[in-house]
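Survey of secondary and tertiary structure
These are the residues of each chain, in order.
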There are 2 protein chains.
Amino acid sequence: MQRLNASEAGFADAFDALVNGRREADADVSSVVTQTIRDVRARGDVTLAEMTQRFDGFDLNAAGWQIDAAQCKAAYEALAPDLRDALTLAAKRIEAYHKAQLPENRDYRDADNVRLGARWSAVDAAGVYVPGGRAAYPSSVLMNAIPAKVAGVERIVMVTPTPGGETNQAVMAAAYLAGVDEIWRVGGAQAIAALAYGTERIRAVDVITGPGNAWVAEAKRQLYGVVGIDMVAGPSEILVVADAKNDPEWIAADLLSQAEHDPTSQSILFTDDAGFADAVAKAVDAQIASLATGAVARQSWDDFGAIVLVDDLEGAMPLVNRLAGEHLELAVDDDRAERLFDLVRHAGSVFLGRMTPEAIGDYVAGPNHVLPTGRRARFASGLSVLDFMKRTSFIALDKAAINAIGPAAATLADAEGLPAHAASVRKRL
Amino acid sequence: MQRLNASEAGFADAFDALVNGRREADADVSSVVTQTIRDVRARGDVTLAEMTQRFDGFDLNAAGWQIDAAQCKAAYEALAPDLRDALTLAAKRIEAYHKAQLPENRDYRDADNVRLGARWSAVDAAGVYVPGGRAAYPSSVLMNAIPAKVAGVERIVMVTPTPGGETNQAVMAAAYLAGVDEIWRVGGAQAIAALAYGTERIRAVDVITGPGNAWVAEAKRQLYGVVGIDMVAGPSEILVVADAKNDPEWIAADLLSQAEHDPTSQSILFTDDAGFADAVAKAVDAQIASLATGAVARQSWDDFGAIVLVDDLEGAMPLVNRLAGEHLELAVDDDRAERLFDLVRHAGSVFLGRMTPEAIGDYVAGPNHVLPTGRRARFASGLSVLDFMKRTSFIALDKAAINAIGPAAATLADAEGLPAHAASVRKRL
């Protein structure tokens, strides 16, 4: 963990280094992924079966390609009651928040009697990637599939690797709750290629979302344009802006809730009180010792953690905006949180006040936990129903309307050297 | 031009071929673009100057890197009055349509007294690419820059090659009208790299939009994630659904207004009347002969044009949806256009009725003319203010709210093996 002090000489350079520091691996997976995509396009399910045998160690043709709906329902019903209730509460709250996101169509006539508008509609089919192994989170199934369902997508297809043929009960339960229509037991770049182009068994989808390793991310990036994708995701991060009135134990836990995700996660505290900074640093060290995820959290905190001491918290906000973090906690009194929030220009999701730890947003609050990372909140938003919808604009003119605005269109077409454009208008005047 | 008949044997295969036919060149520009991006990152303006000398044949350091605001204003004032009026009308109408797109913030409390919402904000800076030479369209400057301006972007940066050092007066006039803040005389993949990473002279932007050649498109694709981009664009297309009550001359002009853009453009007519189909085909041939753009239109129409004869126009709509075209004209009586529009699932922009030629949408109607091509209307939308904005979700809990939903979050964190997540919630209960 590094400590920075905004009033010391050299701070600007040190903070620049923090902003520009790369946490993403430069793994050269590009050419491997290109070849995988080519193979899946050429040989379809044969390639999927071969790669699944090689990487997940089981035979798709023997074990079955799909996990069926009955298995998912059974998994849901077999959950411990408190976990089932928690998952159900999460699903309901996520559904409610995303329903409120549904965009409105527009249809109006302007002063020239030109009818204009836009209609929103869902994509036909969405693919959701769910990683296997340790990162197979049921919450992630809900956060990706429920917005698609709310958007009105008629076919939601999940792909997930099942290493050794082992299925993940919590993931299957979440798929049941979220209304996933198909689950295919394939993973990696080959699963993304199958969703994008289709194979003999798997019909192509229109949009692919969901987290994955470097190969999955690269496949999505390469296939962007063939299908829609949610975003390019990197290691996640939390920024906490906190005054000395917080319990340092709470803030330490918040920083660690990010650090425990991955060794490349980043947790940064901004505070105006050196004593509080010390107390949090001490609490982090103490809590790490007893965490089951302590080794990961330790590495993340040591390599990428930071505590930035500022003169006042308002002065921290330009720094916060430069980092454009995925998660931003404003752990101050409610009225001050509001004032600080008004200074936020770039952040994926903001957690206001002392009683709103980031983990609430990971699970049950309702807003999506798929958020822009690596300073991408400068231009990107969290996953929403809009990622599964598209807008069709429309125009309708009558004789009076084309006589009103048509001549200008023809003049512009002439100026651009496009005579057929001009003719298509002038013939109607 | 090929003719298909939906009631003849073999139609399904022939239509599949039409849907899957590739019009995009497979030019392998990827590695060249990767190297260009690397060069611009390493040597910044030196690379820009060298490449401009090589490709555009002039010395940026001698001729000046920028086109200043006074030059743009002068270009606007020097326009022929009818062109200036047409451009101004277009700008006003585009601005009005895009203003109506501005999204609303949300801020509410749910039944558990959890405060939830989302705030929209503009990106800090947007880059607009404007091609040089024949495809330097002033309408394109308006369509890209005005939505950014309406979104609230404070810095709009245009990059455009000026081959031989020659500036394009109409483009400069449009930049003045649209409120572009900076214009740099650089083009190609190197201009995109400069916008994404910044150089000594050019500060980086957050989103890059605008059309370009294969190198520009590939640079945008490779830099997606470093910056936001509008979309992956391919050759454009028009689908016209028309009954026999149309003037074949009008419909022929509409088909040609797409064909004259580029040899890879595509124009497809769906009609239920064989005689009308013949009349349109004849009118196309006749009109091409007298078009200044006839050679391009001829190649497009010969290679990619099609007339599809269907039993009834309603039956054409599933075919139309499979093609998911950039532009769709429904050239029928108004009430029938409405009914056909209700059957549209995928289209970039729809032009309703006999008096709405597509060219109206290219210039003056108001909706954006930057639209998804190559079947991407299945998942993508036209350019809008949303491309220059991002959404920050927020959550605020009080003591009662965290007691209501916190336990479920902790239960889920336990199940996912993330103890610091659980602790950050439980400490507050």
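Keep in mind that what you see is a predicted model, and the values were worked out from it rather than measured. (Residues numbered from 1 in each chain as written. Chains lettered and ligands numbered in written order. Predicted model: local features only at pLDDT ≥ 70, side-chain atom pairs only at ≥ 80, totals over all residues. Heavy atoms only, no water.)

**What about the overall build of chain A?**
Along the backbone of chain A there are 18 helices and 14 strands. Dimensions of chain A, computed from the C-alpha atoms along their principal axes, are close to 80 × 60 × 45 Å. For chain A, the residues scored as buried account for 61% of the 429 residues in total. Taking the intrachain contacts of chain A between residues at least 6 apart in sequence as the baseline, contacts between residues at least 24 apart amount to 75%. (Helix = DSSP H or I, 4+ residues; strand = E, 2+ residues; numbered from the N terminus. Buried < 20%, exposed > 50% of the residue type's maximum accessible area, 1.4 Å probe, protein only. Contact = heavy atoms within 4.5 Å.)

**With respect to the side chain of Gln287(A)**
Tracing the backbone shows Gln287(A) in helix α12 (residues 274–289). Leave out the neighbours within four places in its chain, and Gln287(A) touches Glu249(A), Ala252(A), Ala253(A), Leu256(A) and Lys427(B).

**Let's talk about the packing of helix α6 (residues 81–99) of chain A against helix α7 (residues 138–151) of chain A**
Residues and elements named next belong to chain A. Two elements in contact, α6 and α7, have axes separated by 9 Å at closest approach and are oriented at 35°. Seen along the crossing, α6 lies across α7 with a hand that is right-handed. Of the residues in α7, those in contact with Leu87, Ala90, Ala91, Ile94, Glu95, His98 and Lys99 of α6 are Pro138, Leu142, Met143, Ile146, Pro147 and Val150. (Axes fitted to C-alpha atoms, helices over the stretch in contact; angles between N-to-C directions. Left-handed = near helix turned anticlockwise from the far one by under 90°.)

**Topic: the interface of chain B and chain A**
Contacts between chain B and chain A engage 124 residues on the former and 123 residues on the latter. Both faces considered, chain B and chain A share a buried interface measuring about 10100 Å² in area, 57% of it formed by carbon and sulfur atoms. Three residues stand out in chain B for area buried against chain A, namely Tyr224(B), Ile395(B) and Arg428(B), and they jointly supply 8% of the buried area on that side. Counting across the interface, chain B meets chain A through 16 salt bridges. When the shortest N-O distance is used, the salt bridge between Arg119(A) and Asp342(B) registers 3.0 Å. Taken together, the connections running from chain B to chain A amount to 67 residue pairs in polar contact (both at pLDDT 80 or more). No other element matches the ten residues that helix α17 (residues 399–415) of chain B contributes to the side of chain B that touches chain A. Counted by class, the side of chain B that touches chain A contains 66 nonpolar, 26 polar and 32 charged residues. (Buried area = accessible area lost by both parts, 1.4 Å probe. Salt bridge = Lys/Arg side-chain N within 4 Å of Asp/Glu carboxyl O. Polar contact = N/O pair within 3.5 Å; in protein donor to acceptor, adjacent residues only side chain to side chain. Nonpolar A, V, L, I, M, F, W, Y, C, P; charged D, E, K, R; others polar.)

**Quick notes on the relation of the copies chain B and chain A**
Structural alignment of chain B on chain A gives an RMSD of 0.0 Å, achieved by rotating through 180° and translating 0.0 Å along the axis. With respect to symmetry, the two chain copies, as superposed, fit the operation of a two-fold axis. Taken as a fraction of all interface residues of chain B, those also at the interface in chain A reach 99%, which identifies the copy contact as same-surface. (Least-squares fit on C-alpha atoms with pLDDT ≥ 70 in both.)

**With respect to the UniProt feature "active site" (unreviewed entry) in chain A**
Residue and element names in this part refer to chain A. Here, UniProt's "active site" (unreviewed entry) annotation points to Glu326 and His327. Its place among the elements puts glutamate 326 in the loop between α14 (313–323) and β12 (327–331). Assessed through its relative accessible area of 5%, glutamate 326 is described here as buried. Once residues lying within four places of it in the same chain are set aside, the contact partners of glutamate 326 are Ser236, Glu237, Gln258, Gly348, Ser349, His369, Leu371, Pro372 and Thr373. (UniProt positions renumbered as here; feature names shortened; annotations may be inferred.)

**Let's talk about the nonpolar core**
Within the largest apolar cluster, 72 residues are counted, with the highest numbers of intra-cluster contacts made by Leu142(B), Val153(B), Ile360(B) and Val364(B). Those residues in contact with Val153(B), other than ones at most four positions away along the chain, are Ala122(B), Val123(B), Asp124(B), Ala125(B), Ala126(B), Ala148(B) and Phe388(B). Listed in part, the 71 residues of the second largest apolar core include Ala86(A), Ala145(A), Ala175(A) and Leu397(B). (Core = buried A, V, L, I, M, F, W, Y, C linked by side-chain atoms within 4.5 Å.)

**Some thoughts on the domain arrangement of chain A**
Assigned domains within chain A: domain 1 (2–22 + 234–365), domain 2 (30–103 + 122–229) and domain 3 (397–426). Here the C-alpha centroids of domain 1 of chain A and domain 3 of chain A sit 57 Å apart. (Domains from an automatic or database assignment.)

**Concerning the pattern of salt bridges**
Using the criterion set out here, one finds 52 salt bridges over all chains in the structure. Between Asp112(A) and Arg93(B) there is a salt bridge, with the nearest N and O atoms lying 3.0 Å from each other. In this pair, Asp112(A) sits in the loop between β2 (106–109) and β3 (115–122) while Arg93(B) sits in helix α6 (residues 81–99), so the two residues belong to two different chains. Judged by its relative accessible area of 32%, Asp112(A) is partly exposed. Within this structure, Asp107(A), Arg115(A), Arg119(A), Glu338(B) and Asp342(B) form a network of salt bridges that share partners.

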